[in-house]
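The primary structure of each chain is shown beneath.
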Amino acid sequence: QVQLVESGGGLVQPGESLRLSCVASESISSINAMGWYRQAPGKERELVATFTASGGTNYADSLKDRFTISRGYAKNTVYLQMNSLKPEDTAVYYCNAVLPDLRVYWGQGTQVTVSS
C-alpha cells in the first residue's frame with residue numbers, strides 16, 4: 001500500500017506561482033510512474049505531468065510551458081512548479097503513483113484556486 005500526501009495548494013492571483021509537493025510512503029524506485037493530475041469542477045480528471053516508468057517526463061501539451069515536474073533528493077517526493085497561473089488552472093490537484101504490478105494509488109488532493 002502506497003500512501004501519497006500532497007501539500008502546497010492554496011489561493012493565488014492570476015500570474016502568481018505555486019509549488020505542490022507529494023511525498024510517497026515508499027521509495028520512488030519501487031514505483032513505476034509518479035506524477036500529477038487535476039480535476040476541475042464539472043470536468044474529468046486530466047493529466048498534468050508525470051515521470052514515466054523509463055524515467056522520462058510526460059506533460060499535458062497545454063501546460064508544459066508553465067508547469068515543471070521534478071523529483072526530490074530523497075527520491076520519494078515529486079514536486080510540481082506552477083508558474084503564470086491562470087483562473088482555468090483552478091482544480092483539485094492529485095498525486096498519482098503506479099506500481100510495477102500496475103496498481104494505481106492516489107493522494108487525497110490539494111485545492112488550487114486562481115482568482116483575483
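Residues numbered from 1 in each chain as written. Predicted model: local features only at pLDDT ≥ 70, side-chain atom pairs only at ≥ 80, totals over all residues. Heavy atoms only, no water.

Enquirer: Looking at this structure, how should I read the pairing of strand β9 (residues 91-98)?
Expert: In summary, the side chains of a regular strand alternate between the two faces of the sheet. Counting buried residues along β9, seven of its eight residues qualify, which places the element largely inside the surrounding structure. Bridging between strand β4 (residues 33-39) and β9 involves seven bridges; their strand directions are antiparallel. Bridge pairing in β9 places Q39 opposite V92. The pairing of β9 with strand β11 (residues 110-114) spans three bridges and is classified as antiparallel. Paired with Y93 across the two strands is T110, which belongs to β11. (Buried < 20%, exposed > 50% of the residue type's maximum accessible area, 1.4 Å probe, protein only. Helix = DSSP H or I, 4+ residues; strand = E, 2+ residues; numbered from the N terminus. Pairing = 2+ DSSP bridges.)

Enquirer: How should the pairing of strand β1 (residues 4-7) be read in this particular structure?
Expert: With burial as the criterion, only one face of β1 is covered, namely that bearing L4 and E6; the residues V5 and S7 on the opposite face remain uncovered. Bridging between β1 and strand β3 (residues 18-24) involves four bridges; their strand directions are antiparallel. Of the residues in β3, the one forming a bridge with L4 is A24.

Enquirer: How should the nonpolar core be read in this particular structure?
Expert: What tends to happen in soluble globular proteins is that the nonpolar side chains get buried as a cluster. Judged by nonpolar contacts, the single largest core of 31 residues is most densely connected at L4, M34, W36, L80, M82 and Y93. Looking at this core, the elements with two or more residues in it are β3, β4, β5 (46-51), β7 (67-71), β8 (77-82), β9 and β11. (Core = buried A, V, L, I, M, F, W, Y, C linked by side-chain atoms within 4.5 Å.)

Enquirer: Can you walk me through the state of the cysteines in this structure?
Expert: Two cysteines form a disulfide when their sulfur atoms are joined by a covalent bond. Taken as a whole and assessed by the stated rule, the structure comprises one disulfide. In this model, C22 is linked to C95 through a disulfide, with the two sulfur atoms separated by 2.0 Å. Its S-S torsion of approximately -85 degrees makes the covalent link between C22 and C95 left-handed. Here C95 lies in strand β9 and C22 lies in strand β3, a separation of 73 residues in the sequence. As far as the burial class goes, C22 and C95 line up, both buried. (Disulfide = S-S within 2.5 Å.)

Enquirer: Sorry, what's going on with the sheet that holds β3 here?
Expert: Across a sheet, paired strands are connected by hydrogen bonds in the backbone, their directions being either parallel or antiparallel. Across the sheet, four strands lie side by side as β1-β3-β8-β7; this open sheet has antiparallel pairing. At either end of the open sheet lies a strand with only one pairing partner, and these are β1 and β7. Pairs of neighbouring strands in the sheet enclose a mean axial angle of 15 degrees, with direction left out of account. Of the pairings in the sheet, the one linking β3 to β8 comprises six bridges and is antiparallel in character. Note on β8: the bridge partner recorded for V23 is T77. (Axes fitted to C-alpha atoms, helices over the stretch in contact; angles between N-to-C directions.)

Enquirer: Quick question: what am I supposed to make of the side chain of D89 here?
Expert: Along the chain, D89 falls in the loop between β8 and β9. Reaching out from D89, the side chain makes a polar contact with the side chain of R38 at a distance of 3.0 Å. Polar side-chain contacts of D89 include one of 2.8 Å to the side chain of R66. Among all residues touching D89, those that are not within four sequence positions of it are R38, L63, R66, F67, S84, V112 and V114. (Polar contact = N/O pair within 3.5 Å; in protein donor to acceptor, adjacent residues only side chain to side chain. Contact = heavy atoms within 4.5 Å.)

By themselves these figures say nothing about function.
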